[in-house]
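Listed below, chain by chain, are the residues.
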Amino acid sequence: MAKTKQTALKSTGGPAKRGCLPVFKVTAGPAGKLIIKRTFPKALSPTFSVMKDIDKNITANVTMDASDGMPKPSSWNDYCILCRDGASILYDCSHCPRTLCQECVVIAKESVEQIKRSDVYFTCPGCHEMREKGKRNSPYYGFEDSQGTPILTVPAIIKGHIELTSRSQICSSPILILNFILDGVNPGGSPARIMRDVLEPYVAGRNLQYHEVFFDIGTLEKAERHTKSMKALVNKVKDIAFERVEVFVHTHSETIRGDLWGGFEDAALVGKRKKKVPNFNDPIAYMVDDFFRGVFVGGIDGYLKGANLWMLVCGQTVRELDAFAALKARVKYHELEHVFAFDAERLHASLISAFVLAYAERVLVEGFEVQDTVPNLLAVSTQLAMHASVIHIHLTSAFRRRPITIVEYTKPVTRVDELSMTVTTYTFFDENRRPWGNALPYQCPTCKCVRLWKRITPSIGRGSIVTESKFSCQNPKCGYSITFAKPDRSEIILFTQGYRKSNSVGGISTKGFNAGGSGWLMSVTAER
């Protein structure tokens, strides 16, 4: 017989029976006595009204200029925007939170005492560049008076070279990373850990908090223990005002309804002595509403407001309409700003690592808006591209935890009075391997031959109106064909032409008929 062996599963999905945890509330009993009663809650309606007591202040980390309504920084980066290092003297920009060190901005010795006056203001090269956009003929002096007139007699000398954009910064604001992992799930290669490692050189000491929470709320007793542990965690982090909160949920999803695994009904230990491990034979899955109620308890749910959530679960949760509607309702309820989910039938969380690493660099370090950086994140996610589509939920509300971006320092702050939600789905396509985002069968369903597909329709090209891709089996005895159509209301982004042939003269690449291109399909749905 063929050689066989058994290894542990890494994907995050599987069948499980549905459970429901009781909620305790005080009710009136006989003779007017108050008693504690267990009640089993109904699922939240996806259209329920959201909380109204939200914080209207979205500029807590800035001050406002009364003359023009423009935001002004009240705290600054800890590292130089050019060399990304600290220094004994850092110049704080008067218009944004960026800083430059004395090694990267060199001024004449005779001006050193002059720039120390209280009426002198510093403008970083990035703000100078944006202010002079279109002119490009104004030397950089850096230090100015209150009227914007340079106080130096000669321009400042900028050492170093351009590594970041004019809209980048080096953020060092407090960040909390919460990594919720179902007991029994191997956290090795966790994207949350990668995020922590990327941030460690930039966010110092206790300002970077990373906590792994292994949970099992499969029974009432275990749910109560989890609540106590969450209260203890809140007490540990409550003295820090986090400007960013990243929450990861790494669990399984039920394969039919899209419910989320919450734990195990009976996890008796098996094995001997120190090698004893839980015997996870009776998984309990909860509806999305109940899962959030059971996991985010003890005050930790307060940190979800304005946070970003990463759902490292299999795709049934976003594919099943009821489960996905419940997830969106929870996003509104908790006022999560951004949520990322993935539609792979059997999701492997480690394949998201490149996406999360780029996110940490572009969003958490350089301070860009999440929605503006998604194309950059997709461009580096080659393994994720063939594995899953990316579902991005963006909620706009009056409350905002994160600091404002560099671009927002150049315009008056706008107020948001209503909740609005945008759901964007990004699906990778390759004309020869993943036509219009569909998995090309590995085997012909008729003749059972492997990888004998040939595309018989032209490449879509740039600006092409081709909306279908047809493939035929190259087995001369078969002739089976299959057609894939471009999804309705989808837009092509990040398209790259494919090249297969090389010109014999000069080695110039030319496009072959079957050397199809690749890119991402983007579809957007706006909701209220």
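Just above, that's the structure.
Attention in this report is confined to the structure presented alongside it. Treat the numbers as computed from the prediction; the structure is a model and nothing was measured. (Residues numbered from 1 in each chain as written. Predicted model: local features only at pLDDT ≥ 70, side-chain atom pairs only at ≥ 80, totals over all residues. Heavy atoms only, no water.)

Turning next to the overall build of the protein chain. When helices and strands are tallied, the protein chain shows 9 helices and 29 strands. Sorting the 528 residues of the protein chain into buried and exposed places 48% on the buried side. Looking at the protein chain as shown, the accessible area adds up to about 27200 Å², and 52% of this sits on carbon and sulfur atoms. (Helix = DSSP H or I, 4+ residues; strand = E, 2+ residues; numbered from the N terminus. Buried < 20%, exposed > 50% of the residue type's maximum accessible area, 1.4 Å probe, protein only. Areas by Shrake-Rupley, 256 points an atom, 1.4 Å probe, with all protein chains shown as cover.)

The next point concerns the sheet that holds strand β19 (residues 308–312). Strand order across the open sheet formed by 9 strands is β13-β12-β14-β19-β20-β21-β22-β29-β26, with mixed pairing between neighbours. The sheet is open, and its two edges are formed by β13 (208–215) and β26 (491–496), each paired on a single side. The mean inter-strand angle of the sheet, taken between neighbouring strand axes irrespective of direction, is 15 degrees. (Pairing = 2+ DSSP bridges. Axes fitted to C-alpha atoms, helices over the stretch in contact; angles between N-to-C directions.)

By the definition in use, this model includes 1 cavity of 30 Å³ or more. Volume-wise, the largest cavity comes out at about 40 Å³. Lining the largest cavity are E243, R244, V245, E246, G306, A307, N308, E337, R401 and R402. Per element, the largest residue contribution to the lining of the largest cavity is 3 residues, and it comes from strand β14 (residues 244–250). (1 Å grid on protein atoms, 1.4 Å probe; cavity = no way out; pocket = protein on both sides within 12 Å on 5 of 7 lines; lining within 4 Å. Points joined across faces, edges and corners; volume = space filled by probe spheres on them.)

Take the pairing of β19 next. Remember that side chains alternate between the two faces of the sheet whenever the strand is regular. Most of β19 is tucked away, with 5 of its 5 residues classed as buried. Across the two faces of β19 the burial is the same, with N308, W310 and L312 and L309 and M311 all buried. As judged from the 5 bridges shared by β14 and β19, these two strands associate in the parallel manner. By the bridge assignment, F248 is partnered in β19 with W310.

This part is about unusual backbone geometry. Even without being glycine, K448 reaches a positive phi, approximately 70 degrees. One can find K448 in the loop between β22 (420–430) and β23 (453–455). For K448, a relative accessible area of 47% translates into the label partly exposed. One non-glycine residue, R489, lies in the positive phi region at around 55 degrees.

Packed helix pairs are characterised by how far apart their axes lie and by the angle those axes make with each other. Taken N-terminus to C-terminus, the directions of helix α4 (residues 288–295) and helix α6 (residues 321–334) make an angle of 40 degrees; their axes are 8 Å apart at the nearest point. Considering their axes alone, α4 and α6 lie oblique with respect to each other. Across the interface between the two elements, V288, D289, F292 and R293 of α4 pack against A323, A326, L327, R330 and H334 of α6. Here the contact of α4 with α6 is built from residues that sort into 5 nonpolar, 1 polar and 3 charged. (Parallel < 35°, antiparallel > 145°, perpendicular 65-115°, else oblique. Contact = heavy atoms within 4.5 Å. Nonpolar A, V, L, I, M, F, W, Y, C, P; charged D, E, K, R; others polar.)

This part is about the packing of helix α7 (residues 353–365) against helix α8 (residues 370–379). At a minimum axis separation of 9 Å, α7 and α8 run at an interaxial angle of 140 degrees. Taken together, the axis directions place α7 and α8 in an arrangement best described as oblique. Crossing handedness for the pair α7 and α8: right-handed. Between α7 and α8, the contacting residues are F355, A358, Y359, R362 and V363 on the first element and V370, T373, N376, L377 and L378 on the second. Class assignment of the residues belonging to the contact of α7 with α8 gives a composition of 7 nonpolar, 2 polar and 1 charged. (Left-handed = near helix turned anticlockwise from the far one by under 90°.)

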